[in-house]
Protein chains: 2
Amino acid sequence: MASHDCIVAYEPATCEFPIQNLPYGVFSTASATSPRVGVAIGDKVLDLAALAAKGLFNGPLLADCATDLFNQPSLNAFMATKPEVWAEARARITELLTAGAGALDEATQAEVLVDMADITSHMPVNVPEYIDFYSSRTHATNVGTLIRGAENALQPNWTAMPIGYHVASTSLTVSPAKIVRPWVQTTSPTDPTAFSFKPEPALDFELEMGAFVGGPANAQGVPLRINEAHERLFGLCLFNDWSARAGQKASYVPLGPSIIGKSFISTISPWIVPFAALEPFAVAAEVLDKPLAPHLRDDNHIVYNVDLSVDIITPGSNGEELPITRSNLTYLTWTHAQQLTNLASTGAPILPGTLLATGTISGPNREQNGCMLEISKLGKDPLVLPTGEERKYIADGDVVVMRGVARGDGYQIGFGETRDVVEAALPPSFWGIEE
Amino acid sequence: MASHDCIVAYEPATCEFPIQNLPYGVFSTASATSPRVGVAIGDKVLDLAALAAKGLFNGPLLADCATDLFNQPSLNAFMATKPEVWAEARARITELLTAGAGALDEATQAEVLVDMADITSHMPVNVPEYIDFYSSRTHATNVGTLIRGAENALQPNWTAMPIGYHVASTSLTVSPAKIVRPWVQTTSPTDPTAFSFKPEPALDFELEMGAFVGGPANAQGVPLRINEAHERLFGLCLFNDWSARAGQKASYVPLGPSIIGKSFISTISPWIVPFAALEPFAVAAEVLDKPLAPHLRDDNHIVYNVDLSVDIITPGSNGEELPITRSNLTYLTWTHAQQLTNLASTGAPILPGTLLATGTISGPNREQNGCMLEISKLGKDPLVLPTGEERKYIADGDVVVMRGVARGDGYQIGFGETRDVVEAALPPSFWGIEE
Ligand SMILES: [Ca+2]
Ligand SMILES: [Ca+2]
Ligand SMILES: [Mg+2]
Ligand SMILES: [Mg+2]
Ligand code: NI
């Protein structure tokens, strides 16, 4: 499909947001400051609240509720409906944006299409629950090998279920964001019983994606079966799980890394790509050489072919992006559907807006590793950048950029980016500590 | 102070909700079905939304906003204000309830006081973030001794910081609740690599309390100092952290117990006792024999003397409550203020409504242990009940009742109760498993 098929002009070979994508976000403008739901198309944003106000969602499911769903500061109301509603919205938006269909006259176009350069993106979802999984076998193997050696790289439970842990959803922020280096307690390298309180010396990114769950919540005590989990998957975004490695190491035994290592901030990209847009990129997910528990068996065991990247702009790079990582979502072993099924298997109610972070997505080679902990081998082997700078972890002033793209035949589905800058920790005086 | 000092008659020696208590909850009635904020007093509930509508909150901070704060389905708006507002509300409610003050005429009393027997209690808080701490040294020592032996009972980090982990706040439910035994994957006792999927064989309670955080959120990147943490502590409730022990054991390495072991359901008591009501019961908290990190040092290192109990009604007890545990909140070593300070120390924003669960609160002796895992020594030493029934963990049909009370001079501050019944797991056919 070429650009002339859309009322918004773009270059199909390079545009992140062609008519095949139609990712959802929440935006405002200087002239209309109420956050509302929009869809990215080329270099424009389609204002769904404005469309709804004009009665342009006229299908059987949306005609009476489109304003209620889209004139909202979050996607939760829309997510809370059901796949049939999502499908009707997507079909209607495609129809409205198709050139030659004449569904949107020029005057209306001027009212409902906003320049992306003029918008402010908002956190698109009010997230009731956020789980960080650990579902890339390659990543878990890399980390396990560094910590326990290759023989015992994967713990026995890793191959039995998609393990993960809850993190504070209050830490989620839409990118771009500033990341203030946190203060943490760290352990001494020589005395595991000695702790000191200091700015985190090993601040790290984690290259992840985040899957949003929609649909009506399951009732307390009634799990989701895996086919039901598939129906509840709404869309996908980029996810940078900023991590405080030294604080994490000192605090995570035995209850996990969440409160110190992981909950200070994490960032997501502003646009959520519907799974419907990713269907052409579905591939069979990795099959573990071990029989699965009945609830995790899946006739539709798929993941998506999405290229993922991390680049860094350093104080020494003169604004130039230096490549750090090139990975792919197909390194995800436990799928979004299996993650959700496991999460709900106890009967836990899963509310719309729940975010399933994949965990770091790594390939086997160093240049495919999804975090500095892996790349620098626990900080022992610094990465030498083209500028001559060295990085074990992320330095103050560094900007970390993540991107994702699914490459189609003559078009691509982009995920936008996260782009966060690291700032120095608060001074000791904040804590009343003398320097 | 005798009962005649309050416009609602009660027996001071036994009443849980005397005029010194004034706990907050959210309730509705058959004739007024909108959930709203109320205060328990004797066997009545004072309807704060009705008081506000009559203009009876006339102080400088509340006169213009009381309706906005109390005509709400949760306490969040009120919690989000500040201690001065909480103090003004408490002082005015005390004044209105004081006999002889004449602040509430008989006709008004009839309108704003509802029989507690006629109310439905609702989940009183929309919890943005919930953390389960592990802050009772006695409990951590008991469990550590069972798992690692007395020599290594406490991990080194336990004495350096209040450790904890996030759990799904979507799992929080107001008691009474039914607890459906979850399905989980368990490990084989003989082969740690073999897992099976089955109804949880070791369902447990955990005797905890929950501290709610109020006040305006700290900005992202700006931690709370411990004196600021004190100002943000709103009130305290009973907390039963229902736990799936076998699922927890199989899933918790290395990321913690949250998604399988802990997030299926937890229950809180309907009434939140303000910390202001607990001031007479403040006692010095335990001091660890190790210097603390600067941010955790506290000139006001207090905990509260609250008797805590767990009783059980079994299928064989003919409705009679059988005592299981008698503990006390003074077994909490890391205080609520230290928990909150540690949680926010990385600059994580803490929103009003955040719930800090203490972790299991145990005394050293078996009859003081706060969960069956401790009482039954990991399931190896069943508790024999007076009925002759044995319990390693909780059985289908059991009702678990938790209570808390601070005993004052001629009065008591009660916390009400949690009272939850355990129901059988879903049948294998739910999962398509043949029996
Ligand atoms: Ca993070
Ligand atoms: Ca629980
Ligand atoms: Mg992560
Ligand atoms: Mg607990
Ligand atoms: Ni008296």
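Since the structure is predicted, the reported quantities are computational estimates derived from the model, not experimental observations.

Draft legend 1. Looking closely at the interface of chain B and chain A. Contact residues are listed per partner, giving 66 residues for chain B and 66 residues for chain A. With both chains or domains summed, chain B and chain A bury close to 5500 Å², and 66% of this area falls on carbon and sulfur atoms. Together, Leu255, Ile259 and Thr346 of chain B form the three largest contributors to the area buried by chain B at its contact with chain A, with a combined 14%. At the boundary of chain B and chain A, one finds zero salt bridges. Only strand S6 (130–133), strand S7 (164–167), strand S10 (183–187), strand S11 (195–199), helix H8 (245–251), helix H9 (258–262) and helix H11 (336–344) of chain B provide two or more residues apiece to the side of chain B that touches chain A. By residue number, the principal contributor to the side of chain B that touches chain A is S7 of chain B, which donates four residues. Along the lines of polarity and charge, the residues of the side of chain B that touches chain A split into 43 nonpolar, 20 polar and three charged.

Draft legend 2. Structural view of the coordination of the magnesium ion (ligand 4). Residue and element names in this part refer to chain B. Protein-derived ligands of the magnesium ion (ligand 4) are Asp132 (OD), Glu206 (OE), Glu208 (OE) and Asp241 (OD), with the metal-ligand distances lying across 2.0 to 2.2 Å. Donor residues for the magnesium ion (ligand 4) sit on one chain with the sequence pattern D-x73-E-x1-E-x32-D. Placement of the pair is Asp132 in strand S6 and Asp241 in the loop between strand S14 (233–240) and strand S15 (243–244), with a sequence separation of 109 residues. Note on Asp132: relative accessible area 2%, which makes it buried. Among the residues examined, Asp241 registers a relative accessible area of 0% and is labelled buried.

Draft legend 3. Geometry of the pattern of salt bridges. In this structure the tally under the stated criterion is 44 salt bridges over all chains. The partner of Glu321 of chain A in a salt bridge is Arg403 of chain A, and the shortest N-O contact between them spans 2.8 Å. Pair noted here: Glu321 of chain A is in the loop between strand S20 (307–313) and strand S21 (322–328) and Arg403 of chain A is in strand S25 (residues 399–407), with a separation of 82 residues, a long-range link. Taking the relative accessible area as the measure of exposure, Arg403 of chain A reaches 24% and is therefore partly exposed. For Lys44 of chain B, the salt bridge identified is with Asp115 of chain B, shortest N-O distance 2.4 Å. On the criterion of sequence distance, the pair formed by Lys44 of chain B in strand S3 (residues 44–47) and Asp115 of chain B in strand S4 (residues 113–115) is long-range, its members being 71 residues apart.

Draft legend 4. View of the domain arrangement of chain A. Residue and element names in this part refer to chain A. One can read the domain layout of chain A as domain 1 (24–122) and domain 2 (130–431). A separation of 30 Å is found between the C-alpha centroids of domain 1 and domain 2. Taken together, the 19 residues of domain 1 in the interface contact 18 residues of domain 2. Remark: the boundary between domain 1 and domain 2 carries zero salt bridges. At the junction of domain 1 with domain 2, the criterion picks out two residue pairs in polar contact (both at pLDDT 80 or more). Of all the elements in the fold, those that place two or more residues in the side of domain 1 that touches domain 2 are strand S1 (24–29), strand S2 (36–41), helix H3 (76–79), helix H4 (83–97) and strand S5 (119–122).

Draft legend 5. Fine view of the environment of Phe17 of chain A. Residue and element names in this part refer to chain A. Of note, Phe17 is situated in the segment before S1. Here Phe17 falls in the buried class, since its relative accessible area comes to 6%. Through-space distance from the C-alpha of Phe17 to that of Ile413 is 6.3 Å; in sequence the pair is 396 residues apart. When sequence neighbours within four positions are dropped, the list of residues in contact with Phe17 reads Pro23, Ala40, Ile41, Gly42, Met116, Trp271, Gly414, Phe415 and Gly416.

Draft legend 6. Layout of the packing of aromatic side chains. Under the defined criterion, the tally for this structure stands at 30 aromatic pairs over all chains. With a centroid separation of 6.1 Å and 65° between ring planes, the pair formed by Phe281 of chain B and Tyr411 of chain B is classed as edge-to-face. On the criterion of sequence distance, the pair formed by Phe281 of chain B in the loop between helix H10 (275–278) and strand S18 (282–284) and Tyr411 of chain B in the loop between strand S25 (399–407) and strand S26 (412–423) is long-range, its members being 130 residues apart. No difference in accessibility class separates Phe281 of chain B from Tyr411 of chain B, as the two residues are buried. Lying over the aromatic face of Phe430 of chain A, Arg225 of chain B brings its terminal NZ or CZ to 3.9 Å of the ring centre.

Draft legend 7. View of helix H11 (residues 336–344) of chain A. Along H11 of chain A, nine of the nine residues are buried, which leaves the element largely enclosed by surrounding structure. All of the buried residues along H11 of chain A are His336, Ala337, Gln338, Gln339, Leu340, Thr341, Asn342, Leu343 and Ala344 of chain A.

Draft legend 8. A look at the relation of the copies chain B and chain A. When chain B is fitted to chain A, the best match, at an RMSD of 0.0 Å, comes from turning it 180° and sliding it 0.0 Å along the axis. Taken together, the turn and the small shift mark the pair as related by a two-fold rotation axis. By C-alpha distance to the rotation axis, the residue of chain B lying nearest is Gly256 of chain B, at 2.1 Å. Comparing contact sets, 100% of the residues at the interface of chain B also lie at the interface in chain A, consistent with an isologous, same-surface contact.

Draft legend 9. Inspection of the pairing of strand S13 (residues 207–213) of chain A at higher detail. Residues and elements named next belong to chain A. Counting buried residues in S13 gives seven out of seven residues, a clear majority hidden from the surface. Burial of S13 is two-sided: the residues Leu207, Met209, Ala211 and Val213 facing one way and the residues Glu208, Gly210 and Phe212 facing the other way are all buried. As judged from the three bridges shared by S13 and strand S22 (residues 355–357), these two strands associate in the antiparallel manner. In the strand pairing of S22, Ala211 is matched with Leu356.

Definitions and cut-offs
- Residues numbered from 1 in each chain as written.
- Chains lettered and ligands numbered in written order.
- Predicted model: local features only at pLDDT ≥ 70, side-chain atom pairs only at ≥ 80, totals over all residues.
- Heavy atoms only, no water.
- Contact = heavy atoms within 4.5 Å.
- Buried area = accessible area lost by both parts, 1.4 Å probe.
- Salt bridge = Lys/Arg side-chain N within 4 Å of Asp/Glu carboxyl O.
- Helix = DSSP H or I, 4+ residues; strand = E, 2+ residues; numbered from the N terminus.
- Nonpolar A, V, L, I, M, F, W, Y, C, P; charged D, E, K, R; others polar.
- Donors = N, O, S within 2.8 Å, 3.2 Å for Na, K, Ca; no water.
- Buried < 20%, exposed > 50% of the residue type's maximum accessible area, 1.4 Å probe, protein only.
- Domains from an automatic or database assignment.
- Polar contact = N/O pair within 3.5 Å; in protein donor to acceptor, adjacent residues only side chain to side chain.
- Phe/Tyr/Trp six-rings, centres within 6.5 Å; stacked < 30°, edge-to-face > 60°.
- Lys NZ or Arg CZ within 6 Å of the ring centre and 35° of its normal.
- Least-squares fit on C-alpha atoms with pLDDT ≥ 70 in both.
- Pairing = 2+ DSSP bridges.

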